Amino acid sequence: METGVRRVATYVGDPAWEVRGYDLVREMLSDPRLGRTHPRPETASRLSDSVIFGRPQPATPTEHEDHVKMRRVLGRSFSARRLAALRPRVQTIVDDQLEQLLRREPPTDFHAAVSFPLPALVICELLGVPYDDRDDFKGWSEDAAHMSDEQRSMTGLANLWQYMHQLLQDKQRAPAEDVLSDLATEYPIDEAAKLAAGLLFAGHETTVTTIDKGMVLLLSDPAQRSALEREPAQVASFVEEILRSPFPVRPDIPQGTGGLPRYAKEDLPDIPTAEGASIRAGDLLLLDLQGANLDPGPFAEPDSFDPTRSPNPHVTFGHGPYFCIGAPLARIELQALFGTVFGRVPTLALDVPVEELQPRSHLLTGGLAALPVRW
């Protein structure tokens with residue numbers, strides 16, 4: 001596998017550095033010289049036209065302190081106690097969604113029936129967002145994640161912010177045991193609304209994509225599916241391998257145009273590049289997490305789906321100070337679903353060949369437009 005740093009063009013054609021290789025990606029995920037902000041965001045390279053991860057945020061003197069505070073507040077909100085209390089409720093939601101799936105006439109769309117509703121229901125309960133609003137925030141989230149329509153992305157995010165602003169005002173008047181109430185007591189309402197919109201987006205969109213991915217991987221691999229059916233107690237290992245593995249339906253976008261965006265806060269003369277040029281302050285770096293997860297160094301036979309892989313130190317959730325704070329919640333949801341689905345729907349099967357599935361190439365979070373299944 002090729003490792004190192006090389007010049008690439010982003011999804012919208014701006015210059016960037018692609019960082020490849022497990023050790024280097026993991027190191028740079030923790031490098032304090034990299035961040036999400038830029039002193040001149042209006043002139044910085046963009047990953048895409050999406051306002052979520054597509055461009056940097058403005059740099060501020062209190063950037064580090066703000067990040068520490070956010071981790072502290074959300075650390076309480078996503079505490080082990082709160083998540084442990086949520087686990088039985090997640091299992092109930094899984095059981096209910098699979099029961100509703102079976103009431104449908106096959107073939108049907110697993111993406112619409114389970115992949116989206118499950119994480120949406122869970123994040124709504126944790127945040128304190130009304131589930132009846134799911135169609136609205138689903139549409140706004142997809143608009144915000146649009147990679148090639150800047151105006152659509154800005155409008156989607158603005159709608160999410162406005163929606164959260166109203167909910168937070170309600171929480172200020174009547175706080176509850178939920179994340180929005182936590183934010184409403186710790187932040188000015190405008191700042192809280194931005195944080196809450198990001199949590200709602202990340203808390204369901206990325207898990208939707210992972211559910212789609214896991215279902216395709218297991219439904220197209222009878223041996224691994226049978227192994228999980230025989231030993232559902234091993235579901236945690238299956239989930240980690242699903243998280244590590246690439247999406248089996250590749251989006252129609254050029255190679256080298258993706259990755260986790262970070263901006264250099266200073267010159268990085270100690271990081272060699274393939275071209276021999278230096279990485280300068282303000283340059284965009286794309287950390288290839290998926291490529292790192294396929295590095296044969298830490299992962300023997302990385303292209304194979306192997307739930308017995310141990311250890312499995314994938315970097316899907318990142319590493320270091322920006323490690324995904326919602327990772328434990330995502331694992332709870334994925335383990336509950338994949339530990340239940342094949343026992344509840346033993347004849348579940350794809351209704352179309354894998355190569356006919358349509359990826360959502362225009363969205364930052366990827367995933368599938370639909371996942372037709374039968375039973």
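Above this note sits the structure.
Since the model is a prediction, treat every value here as computed from it, not as a measurement.

Draft legend 1. Representation of the environment of V315. Along the chain, V315 falls in the loop between α12 (289–292) and α13 (327–338). For V315, a relative accessible area of 2% translates into the label buried. For the pair V315 and Y22, spaced 293 residues apart in sequence, the C-alpha separation works out to 8.4 Å. The contact partners of V315, leaving out residues within four places of it in the chain, are Y22, R26, L29, L289, A292 and N293.

Draft legend 2. Spatial organisation of the pairing of strand β2 (residues 15–20). The element β2 is largely enclosed, with a buried count of five among its six residues. Sheet topology note: the strand β1 (residues 4–9)/β2 ladder contains six bridges and is antiparallel. Within β2, the position partnered with V5 by the bridge is V19. A loop of five residues connects β1 with β2, the two strands running antiparallel in sequence, and G13 in this loop sits at a positive phi of about 90°. Here β2 pairs with strand β8 (residues 284–287) via three bridges, running parallel. Each residue of the ladder has a partner; that of V19, found in β8, is L287.

Draft legend 3. Inspection of the packing of aromatic side chains at higher detail. Scanning all chains against the criterion turns up three aromatic pairs. Here the aromatic rings of W140 and Y163 are separated by 5.5 Å at their centres, their planes lie at 55°, and the arrangement is tilted. One end of the pair, W140, is in helix α6 (residues 134–144); the other, Y163, is in helix α7 (residues 150–173), with 23 residues separating them in the sequence. Measuring from centroid to centroid gives 6.2 Å for F317 and F323, while their planes differ by 65°, and the two rings are edge-to-face.

So, how was this worked out
Residues numbered from 1 in each chain as written. Predicted model: local features only at pLDDT ≥ 70, side-chain atom pairs only at ≥ 80, totals over all residues. Heavy atoms only, no water. Helix = DSSP H or I, 4+ residues; strand = E, 2+ residues; numbered from the N terminus. Buried < 20%, exposed > 50% of the residue type's maximum accessible area, 1.4 Å probe, protein only. Contact = heavy atoms within 4.5 Å. Pairing = 2+ DSSP bridges. Phe/Tyr/Trp six-rings, centres within 6.5 Å; stacked < 30°, edge-to-face > 60°.

As far as function goes, none of this settles anything; it's purely spatial.
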